[in-house]
Amino acid sequence: MTSMKECFESGVALIGMKNCMTLFQTAYLMSQEGNKRATASEVAERAASQFGLKISPSNIGQAFSAMGIATTISRGKTKYVLDSTEIEPILRVGKQECTEISDRLEESLSEYQDIAERVDGLINELRETLKLDGEERKLKIQLRQVQGE
């Protein structure tokens, strides 16, 4: 069974990967529309308007740099070269990794849900036992009273 800490860390990683995938999907869409170059700010604006992802241009730069997306200077601005043949494999690998992590998280969630159901059952048994214990005490007191008369 995966520990809660590992599940949490996987969940955080999955959120980060989802955000990165959204950035690369945005860049891919822009390249398919004929945009050969874009600034990090342009990608950020598009990701926000199309996917609701609010991310800073500096974070986009970090992600693109980490994946080796080329840059060029155009009119004094650094722009990323949007080449769909470079971006598509990144999306494919990212999708596969996200799927693997989400599958593991689903398995862990199922295990923890089973545990939660067993704990709920035990808590209900304990409540019933405590209730019966209280009833037993009351009956013993009543029995002593009847025997004492």
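To be clear, the structure that these remarks concern was listed above.
Residues numbered from 1 in each chain as written. Predicted model: local features only at pLDDT ≥ 70, side-chain atom pairs only at ≥ 80, totals over all residues. Heavy atoms only, no water.

(A) Representation of the state of the cysteines within the structure. Throughout the structure, instances matching the rule amount to zero disulfides. In this structure C20 is not part of a disulfide, and its nearest cysteine sulfur, from C98, lies 9.0 Å away. On the accessibility criterion, C20 (32% relative accessible area) is partly exposed. On the basis of relative accessible area, C98 is assigned to the buried category, the value being 15%. (Disulfide = S-S within 2.5 Å. Buried < 20%, exposed > 50% of the residue type's maximum accessible area, 1.4 Å probe, protein only.)

(B) Here's a closer look at the pairing of strand 2 (residues 71–74). Judged from the four bridges that link them, strand 2 and strand 3 (residues 77–81) form a sheet pairing that is antiparallel. Within strand 3, the residue paired with T71 across the bridge is Y80. Two successive antiparallel strands, strand 2 and strand 3, enclose a turn made up of two residues, where R75 displays a positive phi of approximately 55°. (Pairing = 2+ DSSP bridges. Helix = DSSP H or I, 4+ residues; strand = E, 2+ residues; numbered from the N terminus.)

(C) View of the environment of E100. By secondary structure assignment, the location of E100 is in helix 4 (residues 84–148). Judged by its relative accessible area of 38%, E100 falls in the partly exposed class. Separated by 86 residues in the primary sequence, E100 and L14 have C-alpha atoms spaced 9.9 Å apart.

Geometric descriptors of this kind do not, in isolation, establish any biological role.
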